[in-house]
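# Architecture and fold: a report
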Amino acid sequence: MLSGTSQLSRRDLLAMIGTLAGSAAMYQAMTTLGFAEESPYKGPIKLDGDPKGASVLILGAGLAGMVAAYELAKVGYKVQILEYREKAGGRCWTIRGGDKYTELGGFEQDCEFDEGLYINPGPWRIPYHHHAVLDYCKRLGVKLEAFVQVNHNAYLHSAKAFGGKPQRYRHINSDFNGHVAELLSKVTKQGGLDQTVSTEDREKLLEALQSWGALDENYAYVAGDHSSERRGFEVDPGGGQMPIAKPSQPIGLTDIVQSGLWSNLSIGNLYEYQTTMLQPVGGMDMIAKAFEREVGEMIRYNSKIISIDQDDKSVTVRYEDSQKGGEPQTATADWCICTVPFSILSQIEIKVSPEMKAAIENLPYAAAVKVGLQFKRRFWEEDEHIYGGISFTDLPNTLISYPSTDYHSPGKGVLLGAYSWEAWAYEFTSLPPEQRVQKALEYGAQIHPQYKDEFDNGVSVGWHRVPWTLGCYGEWTEEKRKEHYQAASSIDGRIAMAGEHISYIPAWMEGAILSSLDAIGRLHQRVVSG
Amino acid sequence: MNRIISLAASAAVAVLAASHALAQSSDSTGFGDAVKIEPRDGAAIYAAICQGCHMPEGVGAVGAGKYPALAKNENLEAGAYPVFMVISGQKAMPPLGSYLDDEQVAAVVNYIRTHFGNNYTDAVTVEDVQAARP
């Protein structure tokens with residue numbers, strides 16, 4: 001007998017098979033897009049041979065630019081960096097209380113978060129296999145702490161399921177697995193898998209399904225100790241003469257399948273998001289600040305690139321002061337590492353091959369939006385026992401991420417209240433910053449009613465309005481990669497591109513660093529052999 | 001970063017106090033489907049997606065790069081050009097063809113070509129948009 005439901009419709013079954021296949025299919029799709037590769041980083045780069053005083057001009061003081069500067073200067077290159085902003089880091093960026101951020105259109109925001117509270121508008125978590133980022137953190141003394149991606153006590157929410165009431169991840173996860181295990185064990189026992197499963201494997205498989213799905217001795221997923229040890233009890237075990245523990249009632253199969261909430265169950269299984277994920281203590285820009293300590297003296301800030309020229313001897317870049325304007329100035333070097341995003345580089349006069357030019361002009365930048373919300377108290381911990389992790393929703397804010405640090409601190413707390421893509425990101429971006437915050441509040445209040453009383457202030461970043469990127473990251477498609485990636489990643493005369501867009505791990509800091517190391521490695525070969 | 005030439009008439013200062021925090025914002029800007037823009041009318045489509053970059057009133061913006069002003073923009077004279085740009089994108093302009101159907105592309109292009117000081121009255125048609133799809 002199927003527990004919690006009368007009969008499984010064909011549609012239900014198909015939906016479920018889709019989910020079981022889902023993570024594998026998603027992984028395959030992501031690998032094709034280049035997302036899920038392990039970092040091939042093999043330790044600190046070795047640049048052997050004498051560069052004989054060669055000079056390198058680096059455009060952009062984000063992670064790619066600063067990694068190049070750090071490594072090249074160490075082996076004797078003369079290095080100068082031009083940076084548009086008044087500080088280093090690029091998208092490795094943290095907004096804290098007291099920060100002022102002016103986006104395109106002149107919309108200003110004064111962040112009013114309390115001391116120590118922040119959001120990372122760009123990268124905000126580091127996979128354990130992003131070896132280059134982690135190695136630089138180690139070498140530069142950036143302290144790390146765990147970033148909680150999966151929290152079994154956070155919520156899965158759909159406005160269209162369970163009357164809009166958010167469900168605990170552990171309930172949906174346990175019940176989904178339990179029901180699927182029961183179904184498969186039934187099929188196995190009925191001989192439905194006899195063509196694919198040998199008699200010897202059959203018993204083992206049944207044992208495995210019982211263990212994986214928390215099934216009882218009859219291979220049923222029902223209310224009892226087994227299932228409650230996964231999903232939690234209705235009355236938890238206590239001490240002394242406290243009430244005796246009472247198992248909780250699983251949600252029925254049909255409700256689980258129809259809810260669609262299973263669609264976010266596998267995210268934490270993806271290679272990119274597997275435990276343990278990490279974050280720098282105090283904000284992502286601790287990485288940027290660590291690099292800035294090493295290479296800050298090489299950076300000329302407030303420098304807006306006007307044109308990039310090259311001949312067979314050198315590279316010449318014209319730039320002006322991005323704050324004061326005035327007469328353009330010139331910087332010249334033997335070589336150039338250009339980390340300017342193609343969204344911006346495509347608008348700058350540059351002398352490169354037609355193939356490189358085509359690559360620069362044909363890489364769109366993705367839309368993405370983040371909204372940070374400060375609340376007067378950490379109600380998610382106090383009221384709901386959610387310590388870090390992420391709740392997912394089908395509302396346009398898509399998720400709520402709880403801080404992975406400073407648990408139980410008595411003061412205010414900051415949530416990531418929206419992280420949106422595609423159409424919703426464009427729509428968020430099109431609103432003035434304070435209305436984005438309003439939207440994130442409206443959606444989030446459907447999951448946490450405490451929003452209404454506890455909201456304090458907020459800040460938002462729509463990446464297409466960031467003056468120095470015009471978008472979030474280079475959005476390669478398989479087709480575009482075939483057509484343009486080879487040219488984009490080749491050294492063009494004396495200019496090499498670097499940044500997350502010149503990698504198979506776009507949008508990740510690891511991609512930016514690996515592309516930089518790869519570019520300077522090849523460039524160094526030319527220098528010492530030429 | 002402070003030298004953002006803002007042509008917008010008024011820059012909003014978003015200091016949010018708790019007192020006005022939960023005033024309901026308007027839903028007129030869409031937020032329906034995750035991968036489709038729902039408004040059908042040209043002005044509403046512009047407000048939902050285009051003004052993120054080209055700004056209210058089509059004034060454009062300048063930072064390290066720029067978003068061209070659509071106001072009084074002679075590049076809009078031939079309707080095929082904005083139709084192509086909206087569908088396929090180029091340089092900093094992302095392709096938006098997947099978010100909008102043919103009628104929506106025509107509606108927003110016709111809106112831009114007849115507003116913000118533009119007066120190109122030869123409306124593009126749904127057939128023009130279909131023909132421009134890759």
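Residues numbered from 1 in each chain as written. Chains lettered and ligands numbered in written order. Predicted model: local features only at pLDDT ≥ 70, side-chain atom pairs only at ≥ 80, totals over all residues.

Looking now at the overall build of chain A. Within chain A one finds 16 helices and 22 strands. Expected size for 530 residues packed as a compact globule is a radius of gyration near 24 Å; at 26 Å, chain A falls within 12% of this value. With the principal axes as the frame, chain A shows a C-alpha extent of 80 × 60 × 40 Å. Here chain A holds 530 residues, and 49% of them are scored as buried. If you take every contact in chain A between residues at least 6 apart in sequence, the share linking residues at least 24 apart comes to 71%. (Helix = DSSP H or I, 4+ residues; strand = E, 2+ residues; numbered from the N terminus. Rg over C-alpha atoms; globule rule 2.2 N^0.38 Å. Buried ≥ 20, exposed ≤ 12 C-beta atoms within 10 Å, placed from the backbone. Contact = placed C-beta atoms within 7 Å.)

What follows is about the interface of chain B and chain A. Of the residues lining the interface, 45 residues belong to chain B; the matching set on chain A comes to 54 residues. Breaking the side of chain B that touches chain A down by element, the ones donating at least two residues are α1 (42-54) and β2 (66-67) of chain B. Looking at the side of chain B that touches chain A, the element that brings in the most residues is α1(B), giving 6 residues. For the side of chain B that touches chain A, the residue count by class is 29 nonpolar, 11 polar and 5 charged. (Nonpolar A, V, L, I, M, F, W, Y, C, P; charged D, E, K, R; others polar.)

Before going further, it helps to spend a moment on the nonpolar core. Within soluble globular proteins, side chains that are nonpolar tend to cluster in buried spots. Core analysis: the largest hydrophobic core is formed by 178 residues, its most contacted members being V56(A), A68(A), C336(A), I337(A), I513(A) and V108(B). With 9 residues, helix α16 (residues 509-529) of chain A is the single largest residue contributor to this core. Once residues lying within four places of it in the same chain are set aside, the contact partners of V56(A) are L72(A), Y77(A), V79(A), A333(A), D334(A), W335(A), C336(A) and I337(A). (Core = buried A, V, L, I, M, F, W, Y, C linked by C-beta atoms within 7 Å.)

Moving on, we get to the confidence of the model for chain B. Of all residues in chain B, 78% have pLDDT values of 70 or greater, and the mean over the chain is 84. Scored below 50 in pLDDT, residues 1-28 of chain B shows 63 contacts in the model against residues more than four places distant or in partner chains. (pLDDT = per-residue confidence, 0-100.)

Moving on: the confidence of the model for chain A. Residue and element names in this part refer to chain A. Mean pLDDT over chain A stands at 94; residues scoring 70 or higher make up 93%. Taking the mean pLDDT of every element in chain A, the minimum, 51, falls on helix α1 (residues 10-33) and the maximum, 99, on strand β1 (residues 55-59). Under a pLDDT of 50 for its full length, residues 24-34 has, in the predicted model, 8 contacts with residues more than four places off or in other chains.

Once that is clear, we can look at the packing of helix α4 (residues 169-189) of chain A against helix α5 (residues 199-213) of chain A. Any two packed helices are characterised by how steeply their axes cross, that is the angle between the axes, and by the distance between the axes. All names here are of chain A. For the pair α4 and α5, the least separation of the axes is 8 Å and the interaxial angle reads 165 degrees. When the axis of α4 is compared with that of α5, the two are roughly antiparallel. The handedness of the crossing between α4 and α5 is left-handed. Residue-level contacts link N177, G178, V180, A181, E182, L184, S185, T188 and K189 of α4 to R202, L205, L206, L209, Q210, W212 and G213 of α5. Residue composition of the contact of α4 with α5, grouped by class: 7 nonpolar, 6 polar and 3 charged. (Axes fitted to C-alpha atoms, helices over the stretch in contact; angles between N-to-C directions. Parallel < 35°, antiparallel > 145°, perpendicular 65-115°, else oblique. Left-handed = near helix turned anticlockwise from the far one by under 90°.)

The next subject is the pairing of strand β2 (residues 78-82) of chain A. Residues and elements named next belong to chain A. As judged from the 5 bridges shared by β1 and β2, these two strands associate in the parallel manner. Within the sheet, the bridge partner assigned to I58 lies in β2 and is I81. The β-α-β motif built from β1, the intervening helix α2 (residues 63-74) and the parallel element β2 has right-handed crossover chirality. (Pairing = 2+ DSSP bridges. Right-handed = clockwise from strand over helix to strand, strands pointing away.)

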